[in-house]
Amino acid sequence: SQQGEEDPQALSIQEGENATMNCSYKTSINNLQWYRQNSGRGLVHLILIRSNEREKHSGRLRVTLDTSKKSSSLLITASRAADTASYFCATAANSGGSNYKLTFGKGTLLTVNP
Amino acid sequence: KAGVTQTPRYLIKTRGQQVTLSCSPISGHRSVSWYQQTPGQGLQFLFEYFSETQRNKGNFPGRFSGRQFSNSRSEMNVSTLELGDSALYLCASSAWTGGDANEQFFGPGTRLTVL
């Protein structure tokens, strides 16, 4: 079953604009990670935010985490055509015996138009 | 360091056959996880191995199995293939040394088509 649910399912913007994707999850987590996947290929890790962190930056990426609302957002600033990809959030669960896997959402398909 | 490699990249099988997929993790990584990705179900966790031991398993039937060798390379096997097994199978390795699940490095995947 999916833990994370991304919103929106698809997002189309112009180059230079900012893109915001949201992720909601259901159970307590240790950390939340964002990945990118270019069409039908392997996933690339973008950023990890721990449950005791509220915000994290990496280059043009900004991630926030609100554990009280069980939600996270990924902001990509000044988007480029090369950012076109599917973006997934993944949660590392807090329960014993489940710390060794990530549970992925269904992803947001981001299209950046030149 | 070389990335995660998966072989073969593409595979076509018929119903009832079995298939073995291979994954070589990044050198030094001892944790290897497998995922199935389909348009309908998204990315689903299959199992995870660490030092040749399966530590966690997803909700898949017993037809799906795996193993890990002493050099951390891993294989997964699917027996009695069904049409619904058509998917992209992704392997990921991690330098996990304790605590939370951390960053995973994914291979390019094996695209399995079952006819």
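Placed above this text is the structure.
Just so it is clear, the structure is predicted and the values come from calculations on it, not from any experiment. (Residues numbered from 1 in each chain as written. Chains lettered and ligands numbered in written order. Predicted model: local features only at pLDDT ≥ 70, side-chain atom pairs only at ≥ 80, totals over all residues. Heavy atoms only, no water.)

A. Structural view of the overall build of chain A. Tallying secondary structure elements over chain A gives zero helices and eleven strands in all. Secondary structure elements of chain A occur, N-terminal to C-terminal, as β-β-β-β-β-β-β-β-β-β-β. A compact globule built from 114 residues should have a C-alpha radius of gyration of about 13 Å, and chain A, at 14 Å, falls within 12% of that. Taking the principal axes of its C-alpha atoms as reference, chain A extends roughly 45 × 30 × 20 Å. (Helix = DSSP H or I, 4+ residues; strand = E, 2+ residues; numbered from the N terminus. Rg over C-alpha atoms; globule rule 2.2 N^0.38 Å.)

B. A look at the sheet that holds strand β1 (residues 5-7) of chain B. Residues and elements named next belong to chain B. Overall, antiparallel pairing links the four strands, which are arranged β1-β3-β8-β7 in an open sheet. Every other strand in the sheet has two partners, leaving β1 and β7 (64-68) as the edge strands with one partner each. Each neighbouring strand pair of the sheet contributes to a mean axis angle of 20°, computed without reference to strand direction. In this structure, β1 lies alongside strand β3 (residues 19-24), joined through three bridges in antiparallel fashion. Bridge assignment links Gln-6 to a residue of β3, and that residue is Cys-23. (Pairing = 2+ DSSP bridges. Axes fitted to C-alpha atoms, helices over the stretch in contact; angles between N-to-C directions.)

C. Fine view of the environment of Phe47(B). All names here are of chain B. When you line up the elements, Phe-47 lands in strand β5 (residues 42-50). C-alpha separation for the pair Phe-47 and Trp-34, spaced 13 residues apart in sequence, amounts to 5.6 Å. Setting aside residues up to four positions removed in sequence, Phe-47 forms contacts with Val-32, Ser-33, Trp-34, Gln-54, Asn-56, Lys-57, Phe-64, Ser-65, Gly-66 and Met-76. (Contact = heavy atoms within 4.5 Å.)

D. Representation of the sheet that holds strand β1 (residues 5-7) of chain A. Residue and element names in this part refer to chain A. The sheet built from five strands is open, its strands ordered β1-β3-β8-β7-β6 with antiparallel pairing. The open sheet has two edge strands with one neighbour each: β1 and β6 (55-58). With strand direction ignored, the average angle separating the axes of adjacent strands in the sheet is 20°. Inspection of the sheet shows β6 paired to strand β7 (residues 61-66) by four bridges, in the antiparallel sense. Following the sheet pairing, His-57 is matched in β7 by Arg-62.

E. The arrangement of the interface of chain B and chain A in detail. Contact residues are listed per partner, giving 24 residues for chain B and 23 residues for chain A. Interface of chain B and chain A: buried area, both sides summed, is about 1,900 Å²; carbon and sulfur atoms make up 51% of it. Counting the contacts that link chain B with chain A gives zero salt bridges. Taken together, the connections running from chain B to chain A amount to three residue pairs in polar contact (both at pLDDT 80 or more). Mapped onto the side of chain B that touches chain A, the elements with two or more residues apiece are β4 (31-38), β5, β6 (53-57) and β9 (87-94) of chain B. Take the side of chain B that touches chain A: its biggest share by element is four residues, from β5(B). Looking at the side of chain B that touches chain A, its residues break down into nine nonpolar, ten polar and five charged. (Buried area = accessible area lost by both parts, 1.4 Å probe. Salt bridge = Lys/Arg side-chain N within 4 Å of Asp/Glu carboxyl O. Polar contact = N/O pair within 3.5 Å; in protein donor to acceptor, adjacent residues only side chain to side chain. Nonpolar A, V, L, I, M, F, W, Y, C, P; charged D, E, K, R; others polar.)

F. Here's a closer look at the state of the cysteines. One pass over the structure, following the stated rule, counts two disulfides over all chains. Each sulfur of the disulfide joining Cys23(A) and Cys89(A) lies 2.0 Å from the other. The S-S bond linking Cys23(A) to Cys89(A) shows a torsion near 65°; that makes this disulfide right-handed. With Cys23(A) in strand β3 (residues 19-24) and Cys89(A) in strand β9 (residues 85-93), this pair connects stretches of sequence that are 66 residues apart. A relative accessible area of 1% means that Cys23(A) is categorised as buried. Residue Cys23(B) pairs covalently with Cys91(B) via a disulfide, S to S 1.7 Å. (Disulfide = S-S within 2.5 Å. Buried < 20%, exposed > 50% of the residue type's maximum accessible area, 1.4 Å probe, protein only.)

G. Expanded view of the packing of aromatic side chains. Inspection of the entire model under this criterion finds eight aromatic pairs over all chains. Seen in terms of ring centroids, Tyr35(A) and Phe106(B) are 5.6 Å apart; in terms of plane orientation they differ by 80°. Their pairing is edge-to-face. Taken together, the residues Tyr35(A) in strand β4 (residues 29-37) and Phe106(B) in strand β10 (residues 105-106) connect one chain to another. Side by side, Tyr35(A) and Phe106(B) carry an identical accessibility label, which is buried. Here Tyr35(B) and Phe106(B) contribute two aromatic rings whose centre-to-centre distance is 5.6 Å and whose plane-to-plane angle is 40°, an arrangement assigned as tilted. (Phe/Tyr/Trp six-rings, centres within 6.5 Å; stacked < 30°, edge-to-face > 60°.)

These figures come from the coordinates and say nothing about function on their own.
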